Amino acid sequence: MRIKLINPNTTWSMTEAMTACARQVAAAGTEVTGVSPEMGPASIESHYDEALAVPGLLQEIERGERDGYDAYVIACFGDPGLSAARELAQGPVIGIAEAAMHMASLIAPSFSVVTTLARTSGMAWHLAERYGMQRFCRNVRACEIAVLELEDPASDARARITDECRRALAEDGAEAIVLGCAGMAELCAAIGRDIGAPVIDGVTAAVKLAESLVALGLGTAKRGELARPLPKAYHGLLREFARS
Ligand SMILES: NC(=O)NC1=NC(=O)NC1=O
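Quick caveat, the model's predicted, so the values are computed rather than measured.

Engineer: How would you explain the pairing of strand β2 (residues 31–35) if you had to name every residue and give the values?
Structural biologist: Within a regular strand, side chains alternate between the sheet's two faces. Alignment of strand β1 (residues 2–6) against β2, held across five bridges, turns out to be parallel. Looking at β2, one finds that isoleucine 3 is bridged to valine 32. In this fold, β1 hands off to helix α1 (residues 12–25), which returns the chain to β2; that crossover is right-handed.

Engineer: Got a sec to walk through the layout of surface pockets? Specific residues and values, please.
Structural biologist: Volume-wise, the largest pocket comes out at about 390 Å³. In terms of lining, the largest pocket is formed by 17 residues, of which the most central are Leu58, Glu62, Leu88, Phe241 and Arg243. Looking at the lining of the largest pocket, the elements with two or more residues in it are α2 (47–67) and α3 (82–88). Looking at the lining of the largest pocket, the element that brings in the most residues is α2, giving seven residues. Residue classes in the lining of the largest pocket are distributed as 10 nonpolar, one polar and six charged.

Engineer: Quick one: what's the story with the packing of helix α4 (residues 96–107) against helix α8 (residues 202–215), residue by residue and with numbers?
Structural biologist: At their nearest, the axes of α4 and α8 sit 8 Å apart, and the two run at 85° to each other. For the element pair α4 / α8, the angle class is roughly perpendicular. Two secondary-structure elements touch here, α4 through Ile96, Ala99, Ala100 and Met103 and α8 through Gly202, Val203, Ala205, Ala206, Lys208 and Leu209. Of the residues belonging to the contact of α4 with α8, the class tally is eight nonpolar, one polar and one charged.

Engineer: Could you give an account of the site of the ligand, naming the residues involved and the relevant values?
Structural biologist: With respect to spatial proximity, 13 residues lie near the ligand, and among them Asn9, Ile44, Thr116, Gly180 and Ala182 are the closest. A distance of 3.2 Å is found between a nitrogen atom of the ligand and a side-chain nitrogen or oxygen belonging to threonine 115. If the ligand stood free it would expose 290 Å²; the protein chains cover 97% of that surface. In this structure, the ligand is accommodated by the largest cavity. Counted by class, the shell around the ligand contains seven nonpolar, six polar and no charged residues. If you count residues domain by domain, the shell around the ligand takes at least three from each of domain 1 (2–95 + 204–241) and domain 2 (97–202).

Engineer: Would you mind going over the packing of aromatic side chains in detail, with residue names and values included?
Structural biologist: Tallying each qualifying case throughout the model produces one aromatic pair. Each ring, one from tyrosine 69 and one from tyrosine 72, has its centre 6.5 Å from the other, and the planes form 50°; the classification is tilted. Per residue, the accessibility class of tyrosine 69 equals that of tyrosine 72, and both read buried. Against the face of tyrosine 69 rests arginine 2, its NZ or CZ located 4.1 Å from the ring centre.

Engineer: Can you explain the sheet that holds β1? Please cite residues and give values.
Structural biologist: Pairing is parallel across the open sheet formed by four strands, whose spatial order is β2-β1-β3-β4. Both outer strands of the open sheet, β2 and β4 (93–95), are each paired with one neighbouring strand and no more. Here the strands of the sheet are splayed against their neighbours by 20° on average, with no regard to which way each runs. Contacts from α2 reach β1, β2 and β3 (71–74) within the one sheet, and its direction differs from that of β1 by about 170°. Relative to β1, α8 is tilted by about 150°, and along the sheet it contacts β1, β3 and β4.

Conventions we followed
- Residues numbered from 1 in each chain as written.
- Predicted model: local features only at pLDDT ≥ 70, side-chain atom pairs only at ≥ 80, totals over all residues.
- Heavy atoms only, no water.
- Pairing = 2+ DSSP bridges.
- Helix = DSSP H or I, 4+ residues; strand = E, 2+ residues; numbered from the N terminus.
- Right-handed = clockwise from strand over helix to strand, strands pointing away.
- 1 Å grid on protein atoms, 1.4 Å probe; cavity = no way out; pocket = protein on both sides within 12 Å on 5 of 7 lines; lining within 4 Å.
- Points joined across faces, edges and corners; volume = space filled by probe spheres on them.
- Nonpolar A, V, L, I, M, F, W, Y, C, P; charged D, E, K, R; others polar.
- Axes fitted to C-alpha atoms, helices over the stretch in contact; angles between N-to-C directions.
- Parallel < 35°, antiparallel > 145°, perpendicular 65-115°, else oblique.
- Contact = heavy atoms within 4.5 Å.
- Near = heavy atom within 4 Å.
- Polar contact = N/O pair within 3.5 Å; in protein donor to acceptor, adjacent residues only side chain to side chain.
- Areas by Shrake-Rupley, 256 points an atom, 1.4 Å probe, with all protein chains shown as cover.
- Sits in = over half its atoms within 2 Å of the grid points.
- Domains from an automatic or database assignment.
- Phe/Tyr/Trp six-rings, centres within 6.5 Å; stacked < 30°, edge-to-face > 60°.
- Buried < 20%, exposed > 50% of the residue type's maximum accessible area, 1.4 Å probe, protein only.
- Lys NZ or Arg CZ within 6 Å of the ring centre and 35° of its normal.

Shown next, in the form of structure tokens:
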């Protein structure tokens, strides 16, 4: 099977890192292709960034449909454009926040999210509510690390994230941790060993969920809300999004 992993931000080094993590867990018969859109923000740290990431993301979904991909992963913790992407896709489209929260709920009665900037915490709380995860989610903690700082070898990002994870276990009563950024995927295993508790990265969780759904012959339900968008005109820069 072929899975298209879309990092909605335009930082290709981050795309390559998360795709490598995805390929490490992918089954033998699964081909994972990682891409960033041609247009969009270098990182997604606000509602504004998220809104401007969606057109490029949807372009990649449309291209994926044309190229015959079996499933998609939206690899940004805000799950940007998830429902719109599901309207375009025949196969499953999995957001990393939804995937990580559901996986955490299967192995622990409670989890805390450890994320980047405090200003994105509200978005994580909103997703927990939207996904019915309020009774599991004990807290959303921010390390005040910019997304692209995660890639800086000179940054103390791993130490700061690990310390916040420890505080989540001690203070929130969380029994598992959900990493709140695709850029943290490479740190997941090491942090899990350091803190002695399950740490879930949404990128790898989403790849395995996508694989499972495809293996079960399950795709996006296309009868109602997630049916293909209706044909209509789109103007200006969005002109190319018109479909017959
Ligand atoms: N909470 C986050 O920082 N999410 C993210 N921003 C990105 O650019 N990628 C993410 O996963």
